[in-house]
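# Breakdown of the fold
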Amino acid sequence: MLPNIILVLPGLMGVAAWVWAFSGVHRSAPQAAGGADARLRGGDGGERHGCGVVRLIVILTFAFAAVQAWLVSVYRFSTGWDVRLVSETAWQLAQGMRLDEGTVTYFQIYPNNLLLLWVSTACMRLAIALGATTFASGEMVFALVNCLSQAVAALALYATLDRLLDRRYALVGWVTLEAICLLSPWVSIPYSDALALAVPPLMAWCYVKASEGGRGAAQSACTAAACGFVGVIGYRIKPQTSFLLIAIGLVELLMLVSAVVRGLGLATGRSGRGGVEPLRRPPAVRREGVPHLARRVAARHVGRLACIAVGCLCALTVTGAAAASLGIPENEQQALGPAHFLMMGTNDVSDGGYLTDDVAYSLSYDNKDERTHADLSRWAERMEAYGPTGFIGHSMRKALSTYADGAFSWGAEGGFYKGLEEEAVESGRVTEEEVEAADAAASDASHPIDRYAVVGGYTHDLRGLILSVITSISKRGAVWWMLGQALWLPVLALVTCAALPGSRMRGRDRARHLSSAEDGAVVSGRDPDMSLTPLALIVAMLGLVVFEFFFEARARYLYSSLGLFVMLAMVGLDNLTRLVRERRALTQHAAAGSSPRHQ
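Here is a short report on the structure shown in this document. (Residues numbered from 1 in each chain as written. Predicted model: local features only at pLDDT ≥ 70, side-chain atom pairs only at ≥ 80, totals over all residues. Heavy atoms only, no water.)

## With respect to the overall build of the protein chain
Just so we agree on the cut-off: Elements are defined by DSSP. Helices are runs of H or I of four residues or more, strands are runs of E of two residues or more, and each kind is numbered from the N terminus. Classification of residues uses two cut-offs on accessible area relative to the type maximum, computed with a 1.4 Å probe and protein chains only: under 20% is buried, over 50% is exposed, and between them is partly exposed. Contact between two residues is taken to exist if any of their heavy atoms lie within 4.5 Å; hydrogens are not considered. Only the protein chains shown count as cover for residues, and the accessible areas themselves come from Shrake-Rupley with a 1.4 Å probe.
Tallying secondary structure elements over the protein chain gives 28 helices and zero strands in all. Within the protein chain, the proportion of its 599 residues that are buried is 50%. Put simply, 80% of the contacts in the protein chain that link residues at least 6 apart link residues at least 24 apart. Only carbon and sulfur atoms are counted for the fraction: they give 65% of the accessible area of the protein chain, which is about 26900 Å².

Here is the structure:
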C-alpha cells in the first residue's frame, strides 16, 4: 500500500489547481451581498439556470442512492457486535416476543441505543408486513433508510454551501460527499453511524434558512425550531452529532451579547475596537436610533434561541415517547456515564478505543456514584502514569487511529463479519473449528480482516467481487482502501483552513452593507459576506475534536459527522482561495507602484 503522504498528493494538487484557477476571479457585488438569492435575482435566465442545476442535483442524488441501495442488496451481510443484538432485539419486539433479562440490561447500560432500537423495530415491522421471515430482511429495510439518509445529507449539504459560498463550492462539496459515501459500505450496516449522516447538514441548512434576512417571521421560526428538533433527534441516535446544535446555541448567545454591547457602544459613541464612529453610523442607525435597532437585533437572536429551544423540547418529548413504547425501563444505576468513556479514552491497549476490560471494570460497580468515582480514579491513575510526554504520545496515536482512516474503522468491530462466517459454515466451505481458529489467530484489533483468508471462497459473481474488496487485504482491497484515503485526507487538510482569517479587502462591501437600511448587522457585528453558520461549524468541529481527544474515540464515530467535515472543508477552500486572491492583488498593486485599495 502507498503511504498517506503519497495518497494525499492528488487531492492537494486538485486544491492547488482550484485555487490557482479561481483566486483571480472576484465575486460580483450581488454575490457578495446576497449569496445564492442575489445570483438568482439577476434575471430570468439565471433563475432558470439555477433551478435547472438544482433539479439535476436532486435527480443525481436519488439516482446515486438507488445505485447504493442496489449494491447493498447485492453484498449486504449480517454483522456481529452491537448491531446483531439490536437487530435481534428489534425482531423480537416486532413479533411481540418477551425480551430476556440480559437484553434489557444491555439497553439499560447503553440507553442511547433505545431510539436506535425503536427505528430498527419499525424497520422489522415493515419487513414483516412485506412478508419477511428473518431479521436479515429487516436489516435490509434499515439499510434502505440509511441510503435515504445519505441522499438527504447530500442535498442539505449542497443547499447549505450554495447559500454560504456559491454554486461552485456546493458542487465540489456534493461530489466529495457522494464519492466518499458511494465508496464506503457503512451504509449497509443497520446502525447509528449511517443513520445519523443527514443530521449535521440538515441542521446547518435549517440554521442558514433561519438566519437569512428578508424571510418571513413564521418561516424563520419554523426553520429554527426544525434545527433544534433535528439536533435532538441526532443526539438521541448519535451523540457526537449534537455538537453542531450546541455550537449554534453558543453562537446565538454570543451574537446576542454582541448586539447589546455594540448597541450600547454606538449609543454612547464608544463603539470600541472595530466599531463605527458616530458620524459614520449607517442610515438605519441614524433613522431608527441605536436603542431601538439594538433591541430589534437582540430580539431576533432571542426569538431564534426560543424557537430552537421549542424544537428541542418537542424532539425530547417525541423521542422519549418512542423509547418508552419499547417497554424497556431505564435504570440510571446501570447506565455507563461520561466518566466511563473518559476513562476508556486513556487506555493504551486500543489507543483510547473500545476496551472490554474497561467495560467490565465499570460494570463491577452497581452503584452509579461508586462507578463514577472508580472510573475517575482509574482515569487519574492513567494520566499520572502517562505524564505530560507519555500523554502527548498517547494522544498522537489516538489521533492517527481516529482521523487517518478513510475506511472509518470498517471491519474493526468484534465479530464484524459474523454473517459471512455463518454463510461459509453453512455452505460447507469451512468448519466452525476453522473459523474459531482464524478468529483466535486474528484477535489483534489492528489486523481484523486477516482471518478471512480462512473463510475465503466467495462466489465468482458481483457479490463475491465486492466482498473480496471490502473483506480482504488483496490487491483489490488495497486499492479500495487507498481510494478512500485519497478522498478523506484532502478533506481533513482543508478543514484546517476553515479557521484562516477572512478576506481583509472587502471594505467596500462592508461599507455598502453598513449603509443598508434593511439590516442592523453593524449592531450584531455580523460579517456582510458570511452568515453565522461557518462560525457554528468551526465551534462544532472544535467540540468534536476535544471530545475525541479526551473520551473514547474511533474512526467510525466520525462517519456520522462526514457532512460537517465536508462543509468545513469547502469553507477552508474558500478561505484559501480568498487568501491567495489577496496576495495576488497586493502583488499587482505593488508592481504598479501604488498602495492597494480596499475593495
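## Thoughts on empty space enclosed by the protein
Regions of empty space are outlined by a rolling probe, equal in size to a water molecule, passed over the atoms. Cut-off, in case you're wondering: Using a 1 Å grid laid over the protein atoms alone, points where a 1.4 Å probe fits but cannot get out form a cavity; open sets with protein on both sides within 12 Å along at least 5 of 7 lines form a pocket; any residue with an atom within 4 Å of a point counts as lining. Grid points are joined across faces, edges and corners, and a volume is the space filled by probe spheres set on the points.
Within this structure, the stated rule accounts for three cavities of 30 Å³ or more. The calculated volume of the largest cavity comes to roughly 70 Å³. Every residue lining the largest cavity is listed: Ile180, Leu183, Ser184, Pro185, Gly406, Ala407, Trp480, Trp481 and Gly484. Residue assignment for the lining of the largest cavity shows that the elements contributing at least two residues are helix H9 (167–183) and helix H23 (475–495). The element contributing the most residues to the lining of the largest cavity is H23, with three residues.

## Focus: unusual backbone geometry
Positive phi outside glycine occurs at tryptophan 81, with the angle close to 40°. Here tryptophan 81 shows up in helix H5 (residues 81–94). Judged by relative accessible area, which is 15%, tryptophan 81 ranks as buried. Of note, the phi angle at aspartate 351 is positive, near 55°, even though the residue is not glycine.

## Considering the nonpolar core
Across soluble globular proteins, nonpolar side chains have a tendency to be buried as a group. Cut-off, in case you're wondering: Among buried residues, the Ala, Val, Leu, Ile, Met, Phe, Trp, Tyr and Cys ones that are joined through side-chain atoms within 4.5 Å form a nonpolar core.
Grouped together as the largest cluster of nonpolar side chains are 127 residues, with contacts concentrated most on Trp410, Ile470, Trp488, Leu562 and Phe565. Top contributing element to this core by residue count: helix H8 (residues 135–164), with twelve residues. Look past the residues within four positions of tryptophan 488 in its chain and what remains in contact with it is Tyr403, Asp405, Gly406, Phe408, Leu558, Leu562 and Phe565.

## Some details on the pattern of salt bridges
Opposite charge on two side chains allows them to pair when their charged atoms are near. What counts, and what does not: Criterion for a salt bridge: a side-chain nitrogen of Lys or Arg within 4 Å of a carboxyl oxygen of Asp or Glu.
Overall, the coordinates contain 15 salt bridges when judged by the stated rule. In this structure, a network of salt bridges that share partners links the residues Asp193, Lys238, Glu413, Arg554 and Arg556.

## Description of the packing of helix H18 (residues 368–403) against helix H26 (residues 533–550)
Quick note on the threshold: Angles run from 0 to 180 degrees between N-to-C directions of axes, and those axes are lines fitted to C-alpha atoms, restricted for helices to the stretch in contact. We call two directions roughly parallel when the angle between them is under 35 degrees, roughly antiparallel when it is over 145, roughly perpendicular when it lies between 65 and 115, and oblique otherwise. Handedness of a helix crossing follows the sense of rotation of the near helix relative to the far helix, less than a right angle counterclockwise being left-handed and clockwise being right-handed. Ten residue types, Ala, Val, Leu, Ile, Met, Phe, Trp, Tyr, Cys and Pro, are classed as nonpolar, four, Asp, Glu, Lys and Arg, as charged, and the remainder, Gly among them, as polar.
The interhelical angle for the contact between H18 and H26, taken along N-to-C directions, is 120°, at an axis separation of 9 Å. As summarised for this structure, H18 and H26 are arranged oblique, according to the angle between their axes. The hand of the H18/H26 crossing is right-handed. Contacts between H18 and H26 involve Phe391, Ser395, Lys398, Thr402 and Tyr403 from the first element and Leu544, Val545, Glu548, Phe549 and Phe550 from the second. Residue composition of the contact of H18 with H26, grouped by class: six nonpolar, two polar and two charged.

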